[in-house]
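Analysis of the macromolecular model
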Amino acid sequence: MRTLIVGIGALGGLIAARMQASGCSVWLATRNAESALALRRSGLRVTGVGGDVTVKVPDIAALDNYLAGCSFDLIVLATKAQDAIDTAPRLAGLLGAGGVLLPIQNGGVSQLLADRFGVERVLGGLSNLGATMPAPGVYEQRNAGHLLIGELGGRKSARAERVSRWLGRGVEVRVTPNLPGAIWSKLLLNCSVTTLGAIAGRTMRRYINLPEGRELFDRTYAETLLVARATGARPEPMIVDPVPPEWNGQITRGAEHDAWIGQILKAYGDLKPSMLQDFERGRRTEIDFINGYVVNLGRQLKIPTPLNEAIVETVQAITGRHLASGPVLLTRILAGAR
Ligand SMILES: NC(=O)c1ccc[n+]([C@@H]2O[C@H](COP(=O)([O-])OP(=O)(O)OC[C@H]3O[C@@H](n4cnc5c(N)ncnc54)[C@H](OP(=O)(O)O)[C@@H]3O)[C@@H](O)[C@H]2O)c1
């Protein structure tokens, strides 16, 4: 399967290195020629979970170099969300007959690209693999996670199995017939655990004990789940059941709900939110494709999303340096959205 990996950052670099190390040649695309040259010289090195590997990457170039006349069966799109949306129109022309684009960003990217290019050209993906890139060409695999792929139309397909077998030679890949549901399950957590943690400037374990933290978590989760359900998606059980106990269109507080929160805390409560790292490094966040995606869908489906709207505005104010992250912003969001 002639494969191009676009975006050789934390996740793309990890996948590329593990594919090369298992003897599967892949082509790599960077943003510019300087990055490609540096990685061709240095090679890629992975440490951490799954074992250490060091590989050469002879077939690496700036994306523009592939645009004249190249053709691929599979393009793994491993950039951040906004870059994925910006780059995808150029990538569509690189797909051969029957070729498929596999975006692996968080949030609504796969669905947005499928809406634009058709479900026959886009296979949905998300990553439960965790990776960091301490320096270009140097990657750390942080967990024994997997890529989850599947049809956005929500069915089984031979091509998803083929892609899974191929990429599975390098990293663990699983196929689900309910990829839209899996995307929503992750989005529900990203919208609440991750974004609220970033806004509060702390892990979920440290903000959920504040009364305003708990209220905002519950209400944001409920608002997001209402939008998910209205799209027709069936959020897929992952580590934690995505539907809270005794769900009836709103959260029912009580012992069962506390236990459910406890499960989320056990799985995700101590992780530093990736968006908080974006704030600290002055990087663009993926908020438009996380809570912002929910707001847009809510508008289309006529479901009010005041909390997600206030959350998006708050994140924009933090990245614009008009606000600083901290727990006081949780109270501010609740007050503004009442
Ligand atoms: N890392 C994880 O553990 C993890 C886990 C789950 C989901 N995800 C999701 O996976 C996606 C990628 O995350 P990441 O952590 O790997 O990000 P990252 O480290 O920032 O890597 C993105 C890479 O894409 C490159 N890029 C941007 N535009 C490009 C273009 N037009 N052509 C070629 N390359 C381009 C960037 O190059 P420049 O540096 O030159 O911009 C960068 O090397 C995100 O949506 C993230 O939410 C990541």
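If you're wondering where the values come from, they're calculated on a predicted model, not measured in any experiment.

This paragraph deals with the environment of L112. In this fold, L112 is placed in helix α5 (residues 109–117). Accessibility expressed as a C-beta count within 10 Å gives 20 for L112, which makes it buried. Distance in space between the C-alpha atoms of L112 and Y293 is 9.5 Å, their sequence separation being 181 residues.

Time to look at the sheet that holds strand β7 (residues 95–103). One open sheet holds the five strands; their spatial order is β5-β2-β1-β6-β7, and the pairing between them is parallel. Among the strands making up the open sheet, the edge pair consists of β5 (60–62) and β7. With direction set aside, neighbouring strand axes in the sheet form an average angle of 20°.

Parsing the protein chain into structural domains produces domain 1 (3–176) and domain 2 (181–337). Of note, the centres of domain 1 and domain 2, computed from C-alpha atoms alone, are 27 Å apart. When residues of the side of domain 1 that touches domain 2 are traced back to their parent elements, those giving at least two are α4 (81–92), α5 and β8 (124–127). Its residues assigned to classes, the side of domain 1 that touches domain 2 shows four nonpolar, nine polar and one charged.

To continue, consider the nonpolar core. In terms of nonpolar packing, the biggest core is built from 99 residues, with I5, L77 and L102 touching the most fellow members. No fewer than three residues from each of domain 1 (3–176) and domain 2 (181–337) sit in this core. Those residues within four positions of I5 in sequence are excluded, and the remaining contacts are G12, I15, A16, V26, L28, A29, V76 and A78.

A few words now on the pairing of strand β1 (residues 3–6). Alternating positions in β1 separate into two faces, T3 and I5 on one and L4 and V6 on the other, with burial throughout. As paired strands, β1 and strand β2 (residues 27–30) are joined by three bridges and run parallel to one another. Considered in β2, the bridge of L4 is made with W27.

With that settled, the discussion passes to the sheet that holds β8. Strand order in the open sheet made by the three strands is β8-β11-β12, with mixed pairing throughout. Strands with a single pairing partner mark the edges of an open sheet, and in this sheet they are β8 and β12 (173–175). Adjacent strand axes in the sheet meet at a mean angle of 20°, parallel and antiparallel pairs treated alike. Bridge count between β8 and strand β11 (residues 147–150): four bridges; the pairing is antiparallel. Within the sheet, the bridge partner assigned to G125 lies in β11 and is I149. Helix-sheet contacts for helix α7 (residues 179–200) involve β8 and β11, and the interaxial angle to β8 is about 35°.

Taken together, 26 residues form the shell around the ligand, and within it G7, G9, L11, D83 and Q105 come nearest. Elements with a contribution of two residues or more to the shell around the ligand: α1 (10–21), β2, α4 and β9 (131–135). When its residues are assigned to classes, the shell around the ligand shows eleven nonpolar, eleven polar and four charged.

Phi is positive for E246, close to 55°, though the residue is something other than glycine. Secondary-structure assignment places E246 in the loop between α9 (211–230) and α10 (255–268). Look at E246 and you get partly exposed, because 13 C-beta atoms sit within 10 Å. With phi around 60°, K302 is a residue other than glycine that occupies positive phi space. Structurally, K302 can be placed in the loop between α12 (291–301) and α13 (306–319). We classify K302 as exposed; it has 7 C-beta atoms within 10 Å.

Calculation notes
Residues numbered from 1 in each chain as written. Predicted model: local features only at pLDDT ≥ 70, side-chain atom pairs only at ≥ 80, totals over all residues. Helix = DSSP H or I, 4+ residues; strand = E, 2+ residues; numbered from the N terminus. Buried ≥ 20, exposed ≤ 12 C-beta atoms within 10 Å, placed from the backbone. Pairing = 2+ DSSP bridges. Axes fitted to C-alpha atoms, helices over the stretch in contact; angles between N-to-C directions. Domains from an automatic or database assignment. Nonpolar A, V, L, I, M, F, W, Y, C, P; charged D, E, K, R; others polar. Core = buried A, V, L, I, M, F, W, Y, C linked by C-beta atoms within 7 Å. Contact = placed C-beta atoms within 7 Å. Near = placed C-beta within 6 Å.

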